[in-house]
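Given next are the chains, with one letter for each unit.
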Amino acid sequence: MADDVIKKGKGAALSEENVSKYKWVYPAVIALLCVIFVVGIGYGLVTVLQMEGSDPPVVLTDGLTPAPQTKEEAADYFNKVLEKALAEKPAFSEEETFGINEDSIQTDGGDLLLSTLKYVRSDFEAHLDGTFEKKTANFFEGFSQYLDVPALTAADIEDFTCEYVDFICPSCGQTSGELLDGCENCGSEKPYRKHYRDNYTVNLTLVPGSAAAEKLFPARTKPETDALLGDGLNEVAGIGSLTTAYDKFTIRFEAVRATDDLLTLRFIKDMTVDGALDFLGEFASVGSAKVGACVSDAKICRFTWPGLSLDQKTMNLGFGDTDNLIATLICDDPTQYGATWTSSDESVVSVDDEGYLKAGKEPGKATITAEYEFGGKTFSDSCEVSVLNAVESIRLSRRHMKLAVGGTGTLKAIFSPGKATVKTVKWYSENESVATVDENGVVTAVSPGKAVIYALSDDGYFRSSCEVNVK
């Protein structure tokens, strides 16, 4: 009967006796599949652990001018970048801002008046900012008529700082002003890495009463102060006595480390202002009240330099791949100018008039350059394009190594795919006091402890590591 047979394949049948005979086959097959599944997961985990991913190296590049270390060097650097800007005439804008420290506001007029003064602080600041005349100059016009700054000397500087060093978490990119052993943001236990900013930020505190301070930070006369404040208090209060104590004079500027191009220049005058307000009109019932606050009066100059920049400086392409570069033109009207594109080797990488690239079918390198003319000068930028069979991952020949003090062992980097074009790595030890590694992957045990040796591929910056235990 049909119910007494189990069909197998097409037109085949087994009796109940045969079925009973081969009952062991089904559990065995299931067990075998489970083993294969578990082994596959295990192999996959090992592979994932070995493929630790990309980790770009830290590049610490010195600036065109070394960071100033003394007052003399700080003064010289300020004079240098300002003279360069005056000579080459980038686009220029200047504005003044007026800031009131909310926490510093004081009055003898009671808590209600204090709350009111804090509430209207931002509106009053906006009013003051609107009273200042903004000054501008286009590319190559020059701005010396707006910026009459004396040459600084060390004697003009009371103190200075130059900031350009950060520390970065290698896992998530979180930055810090100090070197940390791990990252609270992402939980990584990797130590932060030293990083150089693109720009110097320099703060020069001037000596009160110095010639430079007197010229750059002149005190406002009473008519100037009345004109500045009067409209802001119109129909609210009249200004009685007013005294100003100057606390600090600062020049803060930012310059590109690679070119010494001046980007921003601030002249900041910090002062304490005390005075009396005689309230008018509907506020007359308030009467007179003394007020005081810490105020920052700043003139901010911004400089825009003509140029051309590409969105990428290096690029890797596979054989026959296509991609594109984007050129940003900095000038008075970028829509009126177009970049000219060239390739140093069209057989390796070709480029069209819009910056679209096409790789050839053989490995090699070519430099793609974009340029344009503006104001009688030619500006350009380049990208080095490598055509290769790209590295997708690396793993080391060993994940763990045990050595005695003085012993050695050799690690080998294994690349995927096997036919990758660039099969070179950089070797590093995270604890050279325990174990070192040379350029050939030879590990030398130095002292008892643990050290992680890792390799970083030159193509793709893929990383893999080996833990070394030294007894």
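Use the structure listed above.
Here is what the cut-offs are and how they apply
- Residues numbered from 1 in each chain as written.
- Predicted model: local features only at pLDDT ≥ 70, side-chain atom pairs only at ≥ 80, totals over all residues.
- Heavy atoms only, no water.
- 1 Å grid on protein atoms, 1.4 Å probe; cavity = no way out; pocket = protein on both sides within 12 Å on 5 of 7 lines; lining within 4 Å.
- Points joined across faces, edges and corners; volume = space filled by probe spheres on them.
- Helix = DSSP H or I, 4+ residues; strand = E, 2+ residues; numbered from the N terminus.
- Nonpolar A, V, L, I, M, F, W, Y, C, P; charged D, E, K, R; others polar.
- Expected span 1.5 Å × (residues − 1).
- Bend = angle between axes of the 7 residues up to and from the residue.
- Buried < 20%, exposed > 50% of the residue type's maximum accessible area, 1.4 Å probe, protein only.
- Pairing = 2+ DSSP bridges.
- Axes fitted to C-alpha atoms, helices over the stretch in contact; angles between N-to-C directions.
- Polar contact = N/O pair within 3.5 Å; in protein donor to acceptor, adjacent residues only side chain to side chain.
- Phe/Tyr/Trp six-rings, centres within 6.5 Å; stacked < 30°, edge-to-face > 60°.
- Lys NZ or Arg CZ within 6 Å of the ring centre and 35° of its normal.
- Contact = heavy atoms within 4.5 Å.

## Some thoughts on the layout of surface pockets
In step 1: For the second largest pocket, the calculated volume is near 550 Å³.
In step 2: Contributing elements (two or more residues each) for the lining of the second largest pocket: β3 (91-100), α5 (211-216), α6 (222-230), β10 (262-279) and β11 (288-304).
In step 3: Ranked by residue count, the leading element in the lining of the second largest pocket is β11, at three residues.
In step 4: The residue makeup of the lining of the second largest pocket, split by class, is 10 nonpolar, one polar and 11 charged.

## A word on helix α4 (residues 111-131)
Structurally, the α-helix is built with 3.6 residues per turn, so residues lying three or four positions apart point the same way.
In step 1: The end-to-end C-alpha distance of α4, which contains 21 residues, comes to 30 Å, matching closely the 30 Å that a straight helix rising 1.5 Å per residue would cover.
In step 2: The largest bend along α4 reaches roughly 45° and is located at R121.
In step 3: Those residues of α4 lying buried are L113, L117, R121, F124, E125 and L128.

## A closer look at the sheet that holds strand β13 (residues 314-317)
In step 1: What the four strands build is an open sheet, ordered β13-β20-β19-β16; its pairing is mixed. Across the chains shown, the open sheet's two edge strands, defined by having one partner strand only, are β13 and β16 (340-343). If you compare each strand with its neighbour and ignore which way they point, the axes differ by 25° on average.

## Notes on the environment of S343
In step 1: Position of S343 among the secondary structure elements: in strand β16.
In step 2: Sequence spacing of S343 and S382 is 39 residues, and the spatial spacing of their C-alpha atoms is 9.6 Å.
In step 3: Within the local environment of S343, its side chain forms a polar contact with the backbone nitrogen of D345, the two atoms lying 3.2 Å apart.
In step 4: Only 2.6 Å separates the side chain of S343 from the backbone oxygen of V349, close enough to count as a polar contact.

## Things to note about the packing of aromatic side chains
In step 1: Within the structure shown, the criterion is met by 20 aromatic pairs.
In step 2: Here Y337 and F374 contribute two aromatic rings whose centre-to-centre distance is 5.5 Å and whose plane-to-plane angle is 80°, an arrangement assigned as edge-to-face. One end of the pair, Y337, is in the loop between β15 (327-330) and β16; the other, F374, is in strand β19 (residues 364-374), and 37 residues separate them in sequence.
In step 3: Clustering of aromatic rings is evident, with ring pairs tying together Y77, F78, Y164, Y196, Y200 and F253.
In step 4: The cationic tip of R463 hangs over the ring face of Y454; the distance from NZ or CZ to the ring centre is 4.8 Å.

## Thoughts on unusual backbone geometry
In step 1: The amide bond that connects S416 to the next residue, P417, takes the cis arrangement and shows omega of 0°.
In step 2: If you check the backbone angles, D260 has positive phi at about 65° while not being a glycine.
In step 3: The phi dihedral of Y461 is positive, around 55°, even though this residue is not glycine.

## Some details on the environment of N431
In step 1: Tracing the sequence through the fold places N431 in the loop between β25 (425-429) and β26 (435-437).
In step 2: Counting along the chain gives 18 residues from N431 to G449, while the straight-line C-alpha distance between them is 9.3 Å.
In step 3: Setting aside residues no more than four positions away along its own chain, N431 makes contact with K450 and A451.
In step 4: In terms of polar contacts, N431 uses its side chain to reach the side chain of S433, at 2.5 Å.

## Here's the deal with helix α3 (residues 71-88)
In step 1: Counted at 1.5 Å a residue, the expected span for α3 with its 18 residues is 26 Å, and the 26 Å between its end C-alpha atoms agrees.
In step 2: Of all the positions in α3, only A74, A75, Y77, F78, N79, V81, L82 and A85 are classed as buried.
In step 3: Those residues of α3 that are buried are in contact with β6 (157-168), β8 (193-206), β9 (237-256), β10 and β11.
In step 4: K89, located one to two residues past α3, shows a positive phi value of around 55°.

Purely geometric stuff here, so don't read any function into it on its own.
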